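# A look at the structure
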Amino acid sequence: MKCSPANCVALTLLLTCGAVTAQDFGYEGQHGPEHWGEDYKRCSGKHQSPINIDVVNVVEKQFPTLEFINFDEKPKGIRLTNNGHTVLVKMDFEPGKTPRVRGGPLDARSANTDYQFEQFHFHWGANNTVGSEDLINNQSYPAELHVVMRSLQYKDFASALGQDHGVAVMAFFFRVKGNDNPNYNEFTHLLSSIATKDKSANFVAPLPLEKFLTSDLVNYYTYVGSLTTPPCSEEVVWIDFSNPIDISEDQIERFRHLTANDQHLMNNFRPIQPLNDRTVYQNLLPMTPYGEMPMSSIPFVDAANGVVEVTTSSKLLLLCLLLLKAGILVAFN
Ligand SMILES: *[C@@H]1O[C@H](CO)[C@@H](O)[C@H](O)[C@H]1NC(C)=O
Ligand SMILES: *[C@@H]1O[C@H](CO)[C@@H](O)[C@H](O)[C@H]1NC(C)=O
Ligand SMILES: [Zn+2]
């Protein structure tokens, strides 16, 4: 092809620009987080995620109870995909059985709106010193799980994006412990079959969503932020659970063996963004050792009587069994 020097420059620029636009975002170099704002304006917003949660600066607040619906439903299928940025997990449920959540900080703008499960995915580091997106007191966790939920006020995920409280993300940190987490066994083994970009794999024995989370779903921090990947849409309600999920070194290592574009897929976390004028809240629990029940309704004496009652009733049961055996109860009828 013939072209004058000026035309050549223009043509080269055009081709390069085309290539840049077509190319996906990344986590380093010219497609790294510092450049996301060039292609996606929202990424330069003032209410972005992730953030550092400085625990001394959080505001304690007693939120309504967070209600989890269908989190114990076994899905028909679970599909993992290496999409080049993360392991994306989709679950397929019987009609009406898709997990939903409501209450807690989700009630702030729209009371009684359910948020429906969309997908979950992960962010992790090259080693255990980095990986999570949000930080607690400037500390990273080695990985973070994001469970993405969409407000049912919107017909689909795309229309919920960027709407006030349209999307909620439940975030769970990972902590490396000695033993394998049995709930992550099939998941981490399947990772070897999605080693390269665009590969997918299906669970043989699908587990309910709750099995991938922590059991403590009442201790959390919450704030309003954004998606942590382009398009970085804001007005996302973040719920960061304080108690991490335990996973073994071997299990987390399997994430680091994934690849995308001839590179290991790791360090797929965005650096922390300024908090600006936002407040981070910590859910304040009622001060009782019995969860939701007010202390006054469980006097110590009653608890002691309870023990006596159990003993009495088990003696009665034993007596009945003895009577039955002797055929006396039959005789009474
Ligand atoms: C952990 O990984 C990060 C990111 O790749 C790197 O900067 C850091 O030096 C590593 N730390 C250790 C202890 O290997
Ligand atoms: C976190 O880091 C910031 C900036 O380096 C510092 O001002 C702040 O005191 C640190 N917070 C904690 C809890 O260490
Ligand atoms: Zn995420």
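Residues numbered from 1 in each chain as written. Chains lettered and ligands numbered in written order. Predicted model: local features only at pLDDT ≥ 70, side-chain atom pairs only at ≥ 80, totals over all residues. Heavy atoms only, no water.

## Observations regarding the site of ligand 1
The immediate surroundings of ligand 1 are formed by A126, N127, T129, V130 and N267. In this structure, N267 approaches ligand 1 through a side-chain N or O atom, which is 3.0 Å from an oxygen atom. Calculation on ligand 1 without its partners gives an accessible area of 370 Å², and the protein chains cover 35% of this total. Partitioned by chemical class, the residues of the shell around ligand 1 number two nonpolar, three polar and no charged. (Near = heavy atom within 4 Å. Polar contact = N/O pair within 3.5 Å; in protein donor to acceptor, adjacent residues only side chain to side chain. Areas by Shrake-Rupley, 256 points an atom, 1.4 Å probe, with all protein chains shown as cover. Nonpolar A, V, L, I, M, F, W, Y, C, P; charged D, E, K, R; others polar.)

## Section: the site of ligand 2
Around ligand 2 sit D54, N137 and N138, and that is every residue in its neighbourhood. In this structure, a nitrogen atom belonging to ligand 2 sits 3.4 Å away from a side-chain N or O atom of D54. Between ligand 2 and N138, the relevant distance is 2.3 Å, taken from an oxygen atom to a side-chain nitrogen or oxygen of the residue. Protein chains bury 31% of the 360 Å² of accessible surface belonging to ligand 2 in isolation.

## Observations concerning the coordination of the zinc ion (ligand 3)
Looking at the zinc ion (ligand 3), the protein donor atoms are H121 (NE2), H123 (NE2) and H146 (ND1), and they sit 2.0 to 2.1 Å from it. Summarised as a motif, the one-chain spacing of the donors to the zinc ion (ligand 3) is H-x1-H-x22-H. Relative accessible area serves as the criterion here: at 13%, H121 is assigned to the buried category. Of the residues examined, H123 reaches a relative accessible area of 2% and is grouped as buried. (Donors = N, O, S within 2.8 Å, 3.2 Å for Na, K, Ca; no water. Buried < 20%, exposed > 50% of the residue type's maximum accessible area, 1.4 Å probe, protein only.)

## Structural notes on the state of the cysteines
Under the criterion given, the structure shown has one disulfide. There is a disulfide in this structure between C43 and C232, and the S-S distance comes to 2.1 Å. Between C43 and C232, the S-S dihedral sits near 85°, and the bridge is therefore right-handed. Of this pair, C43 sits in the loop between α2 (36-39) and β1 (52-53) while C232 is found in the loop between β12 (220-226) and β13 (234-248), placing the two residues 189 residues apart along the sequence. (Disulfide = S-S within 2.5 Å. Helix = DSSP H or I, 4+ residues; strand = E, 2+ residues; numbered from the N terminus.)

## Some words on the environment of E73
Turning to its location among the elements, E73 is positioned in the loop between β3 (66-69) and β4 (77-82). Since its relative accessible area comes to 23%, E73 is described here as partly exposed. In sequence terms E73 and E210 are 137 residues apart; their C-alpha atoms lie 8.6 Å from each other.

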